[in-house]
Amino acid sequence: MSQGAQIDDMRRLLGDGHTTMLVTGGAGFIGSNFIRHVLKRTDFQGTIINYDNLTYAGNLASLADIEREFGGRRYLFEHGDICDYQRLEDLFSKQPVSVIVHFAAESHVDRSIHGPADFIETNINGTFRLLETSRNAWKDRKDVRFHHVSTDEVYGSLGATGEFFENTPYDPRSPYSASKAASDHLVRAYFHTYGLPVTLSNCSNNYGPYQFPEKLIPLVVLNALEGKALPVYGDGKNVRDWLYVDDHCEAIWQILKQGSAGETYNVGGECEKQNIEVVSAICDVLEELAPAKDNPALNRQGGIARYRDLIAYIHDRPGHDRRYAINCDKIKRELGWKQGHDFVNGLRSTIAWYLQNAAWVDGIRSGDYQKWIERNYSARSSHTNRGAK
Ligand code: NAD
Ligand code: TYD
């Protein structure tokens, strides 16, 4: 198959009730949203197997509604590690997997700084083993397609101007982004060397329901509600592009349906914001939906009248990439995808979801979560007083 050739039986596969799609990392933030999106909002007729080893970031409670509605019929959970080659081979020999959507990864930059080993193992070796299994199945059956989910962070860090395009040279700068870059290279190598039909997507920062509260937006929402400091790294002026998770899921669905073999598609929100703008916007939405003046957690702390008063600038992340900006003209032009959510609406519905899902939040903030918060934030004492903004 040559680069750019449409994977022409994909529409048939996705509309066929016998098709089995393997989603790795389906118990994580984007994977669980993707499974819900495909089963509830597309014309996919087949079965999804969610293959996940349930790290701290994996949570089956994020799929409780899917289990109730589709469990045992069109949705199956398999507890397994992508690094376990034999387990993958067994799975592929028992199940007729033809579409693989690969989300499973260690995904948090700060954790990769504290402990890179898991990132190398899962993101590089795990992807390698999944590729090998997929290639073996494809040699026999030819109806195997592989989509790899990656990040804009592989392109490096931008100054005040410029954008990442699909052909921007890779320049990863954290253990996380370096491990994702390595996995992207492997996926492309399997296309060029063996002909495995692959597609890739590189997306910007996702936000939305079911995101683990180690990432900026849910961390700030939950800290604010508890009257805790809202930690802003460095000067707060690092820029990220924010993509609502449902828009990302729909982009992947369109790539599966219409994408061309060997091609990469950038997916972005076209919504660049400085971190301090994001944190301030969260405070403003919270003032509307759960006013600080009525929040007993804040009232206990004399002098804290507004969520904004909780903002605390703290010591920066080592090697903190300054700015990401993604150009997603290609997927818009070639596949007709576009974002359906702007930041104002997306942020509001995300915050409303966290307010309405206290049981989900309580369930994941286990002892391990508290240990992580202690580890990441205790050494970074505040370098300005609360209320700096
Ligand atoms: P996440 O951390 O919320 O979830 C990762 C999931 O993978 C978890 O369910 C975890 O249990 C599972 N997993 C981890 N190691 C595994 C292993 N060895 N075997 C099987 N399962 C394993 O991540 P996310 O935010 O949903 O990200 C999903 C993908 O999207 C990742 O590949 C990530 O690099 C990429 N991405 C994420 C973002 C973002 O903003 N969240 C942005 C760009 C790209
Ligand atoms: P994060 O959600 O960790 O995503 P990524 O590092 O993959 O972009 O962080 C988003 C931005 O927010 C990033 O510039 C780091 C910054 N940040 C803070 O300022 N404070 C925090 O407590 C966290 C978790 C992130």
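Structure: above.
First, a word on scope: everything that follows refers to the structure included in this document. Since the structure is predicted, the reported quantities are computational estimates derived from the model, not experimental observations.

Reading the values: rules and limits
Residues numbered from 1 in each chain as written. Chains lettered and ligands numbered in written order. Predicted model: local features only at pLDDT ≥ 70, side-chain atom pairs only at ≥ 80, totals over all residues. Near = placed C-beta within 6 Å. Helix = DSSP H or I, 4+ residues; strand = E, 2+ residues; numbered from the N terminus. Nonpolar A, V, L, I, M, F, W, Y, C, P; charged D, E, K, R; others polar. Buried ≥ 20, exposed ≤ 12 C-beta atoms within 10 Å, placed from the backbone. Pairing = 2+ DSSP bridges. Core = buried A, V, L, I, M, F, W, Y, C linked by C-beta atoms within 7 Å. Contact = placed C-beta atoms within 7 Å. Axes fitted to C-alpha atoms, helices over the stretch in contact; angles between N-to-C directions. Expected span 1.5 Å × (residues − 1). Parallel < 35°, antiparallel > 145°, perpendicular 65-115°, else oblique. Left-handed = near helix turned anticlockwise from the far one by under 90°. Right-handed = clockwise from strand over helix to strand, strands pointing away.

Some details on the site of ligand 2
At step 1: Every residue close to ligand 2 is listed here: Val 109, Asn 205, Lys 215, Leu 216, Leu 219, Pro 231, Val 232, Tyr 233, Asn 238, Arg 240, Asn 275 and Arg 317.
At step 2: Only helix H8 (216-225) and strand E8 (230-233) provide two or more residues apiece to the shell around ligand 2.
At step 3: Ranked by residue count, the leading element in the shell around ligand 2 is E8, at three residues.
At step 4: When the residues that make up the shell around ligand 2 are grouped by side-chain class, the tally is six nonpolar, three polar and three charged.

Side note on the pairing of strand E2 (residues 47-52)
Side-chain direction in a regular strand flips from residue to residue, so the side chains alternate between the two faces of the sheet.
At step 1: Counting buried residues along E2, six of its six residues qualify, which places the element largely inside the surrounding structure.
At step 2: Side chains Thr 47, Ile 49 and Tyr 51 project from E2 onto one buried face, and the interleaved Ile 48, Asn 50 and Asp 52 project onto a second face that is buried too.
At step 3: One ladder, built from five bridges, connects strand E1 (residues 20-24) with E2; its direction is parallel. Looking across to E2, one finds that Met 21 is bridged to Ile 48.

Regarding the nonpolar core
At step 1: By size, the foremost hydrophobic cluster in this structure holds 100 residues, and its most contacted members are Ile 35, Val 220, Ala 224, Ile 252 and Ile 282.
At step 2: What Ile 252 contacts, discounting residues up to four positions off in sequence, is Phe 34, Val 101, His 147, Val 149 and Ser 201.

Remarks on the site of ligand 1
At step 1: As a structural note, the neighbourhood of ligand 1 is formed by 30 residues, with Gly 25, Gly 28, Ala 57, Gly 58 and Ala 105 the closest of them.
At step 2: For the shell around ligand 1, the secondary-structure elements that each account for two or more residues are helix H2 (29-41), helix H6 (117-141), strand E5 (145-151) and strand E7 (205-207).
At step 3: With three residues, H2 is the single largest residue contributor to the shell around ligand 1.
At step 4: Of the residues that constitute the shell around ligand 1, the class distribution is 13 nonpolar, 13 polar and four charged.

Some remarks on unusual backbone geometry
Peptide bonds are, in most cases, trans, and in most cases residues other than glycine have a negative phi.
At step 1: Phi at Lys 142 takes a positive value of approximately 65°, unusual for a residue other than glycine.
At step 2: With respect to the helices, strands and loops of the structure, Lys 142 is situated in the loop between H6 and E5.
At step 3: In this structure, Tyr 210 takes a positive phi of about 70° despite not being glycine.
At step 4: Along the polypeptide, Tyr 210 turns up in the loop between E7 and H8.
At step 5: The exposure class assigned to Tyr 210 is buried, which follows from the 24 C-beta atoms found within 10 Å.

Quick word on the sheet that holds strand E9 (residues 239-244)
At step 1: With mixed pairing, the three strands of this open sheet are ordered in space as E7-E9-E11. Edge positions in the sheet fall to E7 and strand E11 (272-274), since each has one partner strand and no second. On average, each strand axis in the sheet is tilted by 50° relative to the strand beside it, whichever way the strands run.
At step 2: As paired strands, E9 and E11 are joined by three bridges and run antiparallel to one another. Directly across from Val 239, in E11, lies its bridge partner Gln 274.

Let's talk about the sheet that holds E5
At step 1: Within the open sheet, the seven strands sit side by side as E3-E2-E1-E4-E5-E6-E10. Their pairing is parallel. Because the sheet does not close on itself, it has two edges, and the strands there are strand E3 (75-79) and strand E10 (264-267). The sheet shows a mean angle of 20° between the axes of neighbouring strands, direction not considered.

Describing helix H9 (residues 245-258)
At step 1: Compared with the 20 Å implied by 1.5 Å per residue over 14 residues, the 20 Å span of H9 between its first and last C-alpha is a close match.
At step 2: The element H9 is largely enclosed, with a buried count of eleven among its 14 residues.
At step 3: By the burial criterion, the buried members of H9 are Val 245, Asp 246, Asp 247, His 248, Cys 249, Glu 250, Ala 251, Ile 252, Trp 253, Ile 255 and Leu 256.

Remarks on the packing of H8 against helix H13 (residues 343-356)
At step 1: Look at H8 against H13: their axes get within 11 Å of each other, and the N-to-C directions meet at 50°. The orientation of H8 relative to H13 falls into the category oblique. The way H8 lies across H13 gives a crossing that is right-handed. Counted together, Ile 217, Pro 218, Val 221 and Leu 222 of H8 and Thr 350, Ile 351 and Tyr 354 of H13 form the full contact between these two elements.

Focus: the packing of H6 against helix H7 (residues 175-194)
Two numbers describe a pair of packed helices, the interaxial angle and the distance between the axes.
At step 1: One way to put it is that H6 packs onto H7 with a least axis distance of 8 Å and a crossing angle of 15°. In this view, H6 runs roughly parallel relative to H7, as classed from their interaxial angle. The handedness of the crossing between H6 and H7 is right-handed. Every residue of H7 that contacts H6 at Phe 119, Ile 120, Asn 123, Ile 124, Thr 127, Phe 128, Leu 131 and Arg 135 is listed here: Pro 175, Tyr 176, Ser 179, Lys 180, Ala 182, Ser 183, Leu 186, Val 187, Tyr 190 and Tyr 194.
At step 2: Per-class residue counts for the contact of H6 with H7 are twelve nonpolar, four polar and two charged.

Structural notes on the pairing of strand E6 (residues 198-203)
At step 1: Where burial is concerned, most of E6 is hidden: six out of the six residues are buried.
At step 2: Pairing of E5 with E6, which is carried by six bridges, proceeds in the parallel orientation. From the neighbouring strand, Thr 151 faces E6, where its bridge partner is Cys 203.
At step 3: In this region the chain leaves E5, passes through H7 and returns to the parallel neighbour E6; the handedness of that crossover is right-handed.
At step 4: For E6 and E10, the ladder comprises four bridges, and the chain directions are parallel. In the sheet register, Cys 203 faces E10, and the bridge partner there is Val 267.

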